[in-house]
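Next come the chains, spelled out residue by residue.
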Amino acid sequence: MRVRGAACRTIWLGAGGLDVEIIDQTRLPHAFVTRTLRSLDDALDAIRSMRVRGAPLIGVTAAYGLCLALRADASDAALDAACRALLATRPTAVNLRWALEAMRAALRDAPQPARAALAYARAAQLADEDAAACRAIGEHGVALIEAARAGRSGRERVHVLTHCNAGWLAAVDWGTALAPVYVAHERGIPLHVYVDETRPRNQGASLTAWELLEHGVPHTVIADNAGGHLMRTGAVDLCLVGSDRTTARGDVCNKIGTYLKALAARDNGVPFYVALPHSSIDWALEDGLAEIPIEARDAREVSHVWGRDAEGQVREVALLPEGSPAANPAFDVTPARLVTALVTERGVCDASREGLFGLYPERSSQAGRARGEDAASASART
Ligand code: MRU
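The rules behind these values
- Residues numbered from 1 in each chain as written.
- Predicted model: local features only at pLDDT ≥ 70, side-chain atom pairs only at ≥ 80, totals over all residues.
- Heavy atoms only, no water.
- Helix = DSSP H or I, 4+ residues; strand = E, 2+ residues; numbered from the N terminus.
- Buried < 20%, exposed > 50% of the residue type's maximum accessible area, 1.4 Å probe, protein only.
- Contact = heavy atoms within 4.5 Å.
- Areas by Shrake-Rupley, 256 points an atom, 1.4 Å probe, with all protein chains shown as cover.
- Lys, Arg positive; Asp, Glu negative; His and termini not counted.
- Charge placed at Lys NZ, Arg CZ, Asp CG, Glu CD.
- Pairing = 2+ DSSP bridges.
- Near = heavy atom within 4 Å.
- Polar contact = N/O pair within 3.5 Å; in protein donor to acceptor, adjacent residues only side chain to side chain.
- Domains from an automatic or database assignment.
- Salt bridge = Lys/Arg side-chain N within 4 Å of Asp/Glu carboxyl O.
- Axes fitted to C-alpha atoms, helices over the stretch in contact; angles between N-to-C directions.

A. Geometry of the overall build of the chain. Regarding its fold elements, the chain presents 14 helices and 18 strands. Projected onto its principal axes, the C-alpha positions of the chain cover 65 × 65 × 50 Å. Among the 382 residues that make up the chain, the fraction classed as buried is 55%. Sequence-distant contacts in the chain: of pairs separated by 6 or more residues, those separated by 24 or more amount to 73%. If you sum the accessible surface of the chain, you get close to 15,700 Å²; carbon and sulfur atoms cover 52% of it. Within the chain, the 46 negative side-chain charges are centred at a point lying 1 Å from the centre of the 42 positive side-chain charges.

In structure tokens form, the structure reads like this:
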């Protein structure tokens, strides 16, 4: 995608082909700053501190973090330790585990002297595949925007509501939920995006708004609590969100607040679509609420906010009375029954085992094995 008119990805290799460059997303929207990761510790810090965030980007950053670790020490012990450390950075997005497993599979049988080079090659492949998957999500998802346009009368633009940031900043390029928006914009389909600010970290207000503005996509930032009212008054044609982990039966774990939007959408007959690449599907899980680990983040993200003051200084200010406790569950789970459809790089499907396994038939035996049963008994249960 473009920043000030120039093509840009969220992660790339520096001039020497070894250091890893990222956009420091904690500085947006007030400053566009890139940062160099030179070591495993740099990568761990970038993921933990959310300089990089968003499920697909976390996965690709972990893959490059492994490259940085192997550059310093390519032993089995170093590989294991790096994987453990990277896996522990953030618990909810399954893309992290998926990327590390893909890297391990590529490196498992490689002799130590060849490991670092192989790792860089595989990480670059994962990055390119993510960008291609997201572009394909855009191609499939644009049909849903076109359908919403055909189905409504009177209003000129299609109005999309999105939550958190599932745009190109959350992936390597294009994004998941925003990929159909960018493809629609590219094709001249008139549309407008309602952007949930997404408390407590405000990824909608600071990241989604920034990237839509850079691309000239009409949008309006709304308080998280406004979505229900807008849906009731007919202002929203469809909701499009991303996912940090989707189970084999189609339960969707995404940024906290997604579930409330799905409830409001159901009550008002607004289609609720979830866009995700295959790397966000956890084929071993069924019941998202019972089985997905929900990240509990620092209460300070709730009790304080960052913003730019009238003098241009970016500052943190307190919101709560001193002494009031705060809690910060970072994700929630929307049950499959509230999801109108999933949009993947292979097409659009029902949020169900049948839907997902229909698009990814090769997964049915693996999912069965992962759950300690054969594929036939797995599908017979549903
Ligand atoms: O905590 P974050 O900013 O990493 O959470 C990001 C989200 O929840 C996105 O909606 C999700 O990763 C969608 S995939 C692009």
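After that view of the structure, there is still more to cover.
B. Spatial organisation of the pairing of strand E14 (residues 304-308). Alignment of E14 against strand E15 (residues 314-318), held across five bridges, turns out to be antiparallel. Across the sheet, residue histidine 304 finds its bridge partner in E15, namely alanine 318. Between the end of E14 and the start of E15, which pair antiparallel, lie five residues, with glycine 312 showing a positive phi angle near 90°.

C. The environment of serine 49, seen in detail. Secondary-structure assignment places serine 49 in the loop between helix H1 (40-48) and helix H2 (55-72). Take serine 49: its relative accessible area is 24%, and that puts it in the partly exposed class. It is 25 Å that separates the C-alpha atoms of serine 49 and leucine 213, two residues lying 164 residues apart in sequence. Once residues lying within four places of it in the same chain are set aside, the contact partners of serine 49 are Thr26 and Arg201.

D. Spotlight on the site of the ligand. As a structural note, the neighbourhood of the ligand is formed by 18 residues, with Gly54, Arg90, Asp244, Asn254 and Lys255 the closest of them. One of the side-chain N or O atoms of arginine 90 is found 2.8 Å from an oxygen atom in the ligand. Separating an oxygen atom of the ligand from a side-chain N or O atom of lysine 255 is a distance of 2.7 Å. Those elements that provide at least two residues to the shell around the ligand are H2 and strand E11 (252-255). Per-domain counts for the shell around the ligand show at least three residues from each of domain 1 (2-129) and domain 2 (147-372).

E. Inspection of the pattern of salt bridges at higher detail. One pass over the full model with this rule turns up 26 salt bridges. The closest approach of N and O atoms between arginine 122 and glutamate 129, which form a salt bridge, is 3.9 Å. Taking relative accessible area as the criterion, glutamate 129 reaches 37% and is therefore assigned partly exposed. The structure contains a network of salt bridges with shared partners spanning Arg90, Arg201, Glu295, Arg297 and Glu301.

F. Highlighting the sheet that holds strand E18 (residues 347-349). Pairing within the open sheet is mixed, and its seven strands lie in the order E8-E7-E6-E9-E12-E17-E18. Edge positions in the sheet fall to strand E8 (219-222) and E18, since each of these pairs with one other strand and no more. For this sheet, the mean inter-axis angle between neighbouring strands, taken without regard to orientation, is 25°. Here strand E7 (residues 191-196) pairs with E8 via four bridges, running parallel. Paired with valine 195 across the bridge in E8 is valine 221. The sheet strands contacting helix H7 (residues 203-215) are strand E6 (158-162), E7 and E8, and the helix crosses E7 at an angle near 160°.

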